Amino acid sequence: LTLSFKTGQFQGGTGNVAVTGVGFQPKLVMLYESGYFVGFDTIDSWSQFGLGAASDTTATNQRSMYMDASDGATPTDAACVWDNDAATHSNRNKNICTVSAIGADGFTTNWSANTDNSRMYYACLGGADITNVKVGNITSPTSGTTGNQSYTGIGFQPDLLILFGSHATASGTVTSGATYCVGFATSATGQVSISGVIKDAVTTTSTQRYQRSNNAVCYALMDIATTTTKALEGALVSMNADGFTINWTTVGTNGASKPVNYIAIKGGSYKVGAISSPTAGTAPVSQATTGAGFRPKGLFMCSAGAVSSTAIQAGQQISFGAGSSSTDRHCCFCGENDSTTSSVTMNINKSAKLVSMYNIVAAQASSTVNAEADITTLDADGFTLSWTTKSATVAYECIYLAVGDAAVVVGGAKNLQIAKAYFTSDS
Amino acid sequence: MMVVERRIGCELVGLSTDAKPDYPGLIDYRFYEVDTGNVFYYFGAAWSPVIGPADIGTFTNKTISALDNDFSRGVAVDFPLTFGYKRTGVIMPGVSGPYLAGSFGGMLVTTGSGQNPICALDNVEGAYQNFQANTTGEKMGIQSTTSTNSMITTRGQQPYLAVRARIDSTAGDRLYIGYTSNQTLPVSNTPLASTDSGVMLGFGSANSTFMVYYNDGTTTAVSQSFGITKDNNWHTFEIAMTITTVTCSIDGSPVLISSQIPNVSTPLYLNCVAQYV
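Since the model is a prediction, treat every value here as computed from it, not as a measurement. (Residues numbered from 1 in each chain as written. Chains lettered and ligands numbered in written order. Predicted model: local features only at pLDDT ≥ 70, side-chain atom pairs only at ≥ 80, totals over all residues. Heavy atoms only, no water.)

Peer 1: For this particular structure, what's the right way to read the overall build of chain B?
Peer 2: Helix and strand counts for chain B stand at two helices and 20 strands. Burial analysis of chain B (277 residues in total) assigns 40% to the buried set. Restricting to contacts in chain B with at least 6 residues of sequence separation, those with at least 24 account for 48%. Counting only carbon and sulfur atoms, one obtains 55% of the accessible surface of chain B, whose full area is about 13,900 Å². (Helix = DSSP H or I, 4+ residues; strand = E, 2+ residues; numbered from the N terminus. Buried < 20%, exposed > 50% of the residue type's maximum accessible area, 1.4 Å probe, protein only. Contact = heavy atoms within 4.5 Å. Areas by Shrake-Rupley, 256 points an atom, 1.4 Å probe, with all protein chains shown as cover.)

Structure representation (structure tokens):
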């Protein structure tokens, strides 16, 4: 049994656009983008990030979220969209696609709108190890209803949850203000998340980021009204036979009754964790991470471009990347600075990095990389990154999800395992 | 007959049968025995062999490069059955139980009910043999039982045992790796009774740390903690017996035992066993 993982890039079009070269039949297609408007690896204006997923070709089994904020705007102009029957829905209804076919070597996207010829990245998971995948959404509790909430109907007990969404509630409807969250969770002791917010229609930008790496939060939405407080926050309590349980610790008015997209997967090995960019040494600096417990086949990595903290920090940034090797990795980045009188934004799709973080300036093309890393190897117990750019003073925290083959199940209720033994005596 | 001759400098040459001169003025002289190849050095009181067959010593505290020395072809052992030959056995993880039947020279493989020990792969350790149990009271691992299915030795044979192993659950279970004079290791928190001789590493169900148990069969066995909390990680267990002492170690942390150890001639049976309590 194996798990297969592949990332790549393609460009949207009119009608069906086939994506081949995946090398296996995907059981999950994830689409993500920031710099969809211009060519790959080119800095552009606007902060914009989209993420979607499809487990099959049924549109109602596909979900996507998207958020953006225009550049140089006074007052600010920020929005987000949730779509419950599309794998991509970006740029305020201008680019919409579903995954319409899945084959032995890839998948086909069907574009009902494609104003921008979207530059897209994909991450595909497949292989016999993955026995179940479901894409859908739950709904956050009503305002003030905190505590454990169990969600059923998944049809199996997940080994992995990927949660993503925004505060947009009506499918396909552009909603003012930009929020987002992406969370990875395997258990109560294995969960990380990244969130951000950009307030709409204010004369001084109000943007924040919030990243949790300490297994305490699997999903959080910033309050679109205040930006500096949370409207929704929860932690995975357990994976259950037919779903999962989340302990909601914060449910404010702007976080209540919101769709929370999920990708639930059974089968394979998964590890969530966090690292920080090295400060010592001269780039490129190699950084090995161990403790996965298996050899990853693929890696997701996100960063809010800030140091590790449990607090909300000023400025919106997100890097979202995935990769399977030193030659197969793609990430997107976007951000908007806080407390400026005219919005300062940028975005980029990067085809040869796993994670990338920028110092954003008003002239987007002059923005400089704070830190970014490439995959060197996926190792027996983790992975090794090469930090091609790094800071000598700031350790930028990244959260990750490593995916790999299912563990070989051996033994019974109790097991004694002997790797080697040697005995000798004179006679 | 050869007469001792002085060659150049501080060098003397003669036969092994020649009387070597002996007076303080010969300090730093060398004596070459042309009929034996021995070379001696005079340090002021006597001639000390430095090269040749007469230079007998124990090769200790030296590192032999495995890269530069191929002992499989380059070392000849004289009289292997009486000098330098040792009985040696290994456990090499294989695909299934039958392969293990020959491990350690044919010891009985004890597993859970009707199940063969299977080979699996650990990302760090590599291949390992998994011995399983599903019911309380079952034993997992390599176990001496009868005279035809046992690995037997004595302390006088200076046995050495090294095992790299882990037990996946420590709660309430037992792990015993070592020797006992009892041909059948008991299912008990007391692996060595007062009449048993032996040395065992591991832990009983009531222990919180790894232990060493040892006894000479004359009194109550000693249970001594290694000070290492028991866990389900991989560990290297070693027991090295000599004529005078027993050295036990877990992951290189040694415990030296020099009293109440098995008599040099008491038969000892080897076990690498976990017990499902």
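Structure shown, so let's carry the discussion forward.
Peer 1: Whenever I open this one, the sheet that holds strand E1 (residues 5-6) of chain B confuses me. Can you help?
Peer 2: The strands making up a sheet associate through hydrogen bonds between their backbones, and the pairing can be parallel or antiparallel. The strand order E1-E2-E3-E4-E5 (chain B) describes an open sheet built from five strands, whose pairing is mixed. Both outer strands of the open sheet, E1 and strand E5 (47-51) of chain B, are each paired with one neighbouring strand and no more. (Pairing = 2+ DSSP bridges.)

Peer 1: Help me understand the sheet that holds strand E24 (residues 296-303) of chain A, please; the structure alone is not making it clear to me.
Peer 2: Residues and elements named next belong to chain A. Here we have six strands laid out as an open sheet, ordered E22-E32-E24-E26-E27-E28, and antiparallel in their pairing. Each edge of the open sheet carries a strand with a single partner, namely strand E22 (269-276) and strand E28 (345-350). Sheet twist, expressed as the average angle between the axes of neighbouring strands with direction ignored, equals 10 degrees. Strand direction decides the pairing type here: strand E26 (residues 316-325) and strand E27 (residues 328-336), joined by nine bridges, are antiparallel. By the bridge assignment, Ser 319 is partnered in E27 with Phe 333. (Axes fitted to C-alpha atoms, helices over the stretch in contact; angles between N-to-C directions.)

Peer 1: What exactly am I supposed to notice about the nonpolar core here?
Peer 2: Across soluble globular proteins, you tend to see nonpolar side chains buried next to one another. Counting residues in hydrophobic clusters, the biggest one holds 46 residues, and the most contacted among them are Met 30, Phe 49, Phe 184, Phe 300 and Phe 320 of chain A. Looking at this core, the element that brings in the most residues is strand E15 (residues 178-187) of chain A, giving four residues. When sequence neighbours within four positions are dropped, the list of residues in contact with Phe 320 of chain A reads Met 30, Tyr 32, Phe 49, Leu 51, Val 182, Phe 184, Phe 300, Met 301, Cys 302, His 330, Cys 331 and Cys 332 of chain A. In this structure, Ile 418 and Phe 423 of chain A together with Ile 91 and Met 241 of chain B belong to the second largest nonpolar core, which totals 40 residues. (Core = buried A, V, L, I, M, F, W, Y, C linked by side-chain atoms within 4.5 Å.)

Peer 1: Help me out: how do you make sense of the side chain of Ser 367 of chain A in this one?
Peer 2: Residues and elements named next belong to chain A. Locating Ser 367 in the fold gives a position in the loop between strand E29 (355-359) and strand E30 (368-379). Here Ser 367 falls in the buried class, since its relative accessible area comes to 7%. Polar contacts involving the side chain of Ser 367 include one to the main-chain amide nitrogen of Val 361, which spans 3.1 Å. Once residues within four sequence positions are removed from consideration, Ser 367 is found in contact with Ile 43, Met 346, Tyr 358, Asn 359, Ile 360 and Val 361. (Polar contact = N/O pair within 3.5 Å; in protein donor to acceptor, adjacent residues only side chain to side chain.)

Peer 1: Explain the interface of chain B and chain A to me, please; I cannot follow it from the model alone.
Peer 2: The extent of an interface is frequently quoted as the accessible surface area lost upon association of the parts. Listed per partner, the contact involves 50 residues of chain B and 22 residues of chain A. Each partner contributes to the roughly 3,200 Å² buried at the junction of chain B and chain A, and carbon and sulfur atoms together form 52% of this total. Note that Asp 173 of chain B is salt-bridged to Lys 414 of chain A, the shortest N-O span being 2.8 Å. Between the two partners, chain B and chain A, sit 19 residue pairs in polar contact (both at pLDDT 80 or more). Secondary-structure elements contributing two or more residues to the side of chain B that touches chain A are strand E6 (87-91), strand E8 (118-122), strand E9 (126-133), strand E10 (139-143), strand E12 (160-167), strand E13 (174-180) and strand E20 (268-275) of chain B. No other element matches E12 of chain B, which puts eight residues into the side of chain B that touches chain A. Residues of the side of chain B that touches chain A, tallied by class, amount to 30 nonpolar, 13 polar and seven charged. (Buried area = accessible area lost by both parts, 1.4 Å probe. Salt bridge = Lys/Arg side-chain N within 4 Å of Asp/Glu carboxyl O. Nonpolar A, V, L, I, M, F, W, Y, C, P; charged D, E, K, R; others polar.)

Peer 1: For this particular structure, what's the right way to read the packing of aromatic side chains?
Peer 2: We describe a pair of aromatic rings using the distance from one ring centre to the other and the angle between the two ring planes. Residues and elements named next belong to chain B. According to the stated counting rule, one finds 23 aromatic pairs over all chains in the structure shown. Ring centres of Tyr 176 and Tyr 213 lie 5.8 Å apart, and the angle between their planes is 75 degrees; this geometry places the pair in the edge-to-face category. Note that Tyr 176 is positioned in strand E13 and Tyr 213 in strand E15 (residues 209-216), a separation of 37 residues in sequence. We classify Tyr 176 as buried; its relative accessible area is 0%. Residue classification places Tyr 213 among the buried residues on the basis of a relative accessible area of 3%. (Phe/Tyr/Trp six-rings, centres within 6.5 Å; stacked < 30°, edge-to-face > 60°.)

Peer 1: Looking at this model, I keep getting lost on the state of the cysteines. Mind explaining?
Peer 2: Disulfides are covalent bonds that link the sulfur atoms of two cysteine residues. Residues and elements named next belong to chain A. By the definition in use, this model includes zero disulfides over all chains. Among the cysteines around Cys 181, which has no disulfide bond, Cys 218 carries the closest sulfur, lying 7.9 Å off. Cys 181 sits in the buried class, given a relative accessible area of 0%. Free cysteine Cys 334: the closest other cysteine sulfur is in Cys 332, separated by 7.0 Å. (Disulfide = S-S within 2.5 Å.)

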